[in-house]
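Given next are the chains, with one letter for each unit.
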Amino acid sequence: MDNEARITLRLPTDLHTWLVAEAKSARRSLNSEIVYRLEGERAAAETDSTSS
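Note that the structure is predicted; figures quoted are calculated from it, not measured.

Definitions and cut-offs
Residues numbered from 1 in each chain as written. Predicted model: local features only at pLDDT ≥ 70, side-chain atom pairs only at ≥ 80, totals over all residues. Heavy atoms only, no water. Helix = DSSP H or I, 4+ residues; strand = E, 2+ residues; numbered from the N terminus. Buried < 20%, exposed > 50% of the residue type's maximum accessible area, 1.4 Å probe, protein only. Areas by Shrake-Rupley, 256 points an atom, 1.4 Å probe, with all protein chains shown as cover. Phe/Tyr/Trp six-rings, centres within 6.5 Å; stacked < 30°, edge-to-face > 60°. Lys NZ or Arg CZ within 6 Å of the ring centre and 35° of its normal.

A. Geometry of the overall build of the protein. Along the backbone of the protein there are 2 helices and 0 strands. When its C-alpha atoms are laid out on the principal axes, the protein stretches across 35 × 25 × 20 Å. Counting all 52 residues of the protein, 6% fall into the buried class. Working note: accessible area of the protein is about 4,900 Å², and carbon and sulfur atoms make up 51% of it.

B. How the structure looks around the packing of aromatic side chains. As enumerated under the stated definition, the model contains 0 aromatic pairs in all. We note Arg28 situated over the ring of Tyr36; from NZ or CZ to the ring centre the distance is 3.9 Å.

Encoded structure:
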């Protein structure tokens, strides 16, 4: 990431707990886990929009 933006993110407690567990099992930080999942969703959305 060349440029970064800081945000405040409010999550339901159960979603936060799940993300922390997922990040730990993947040996990623919570921030890296969120970025990883968002980038995956963005790629999937871009693929869906180009295949239509």
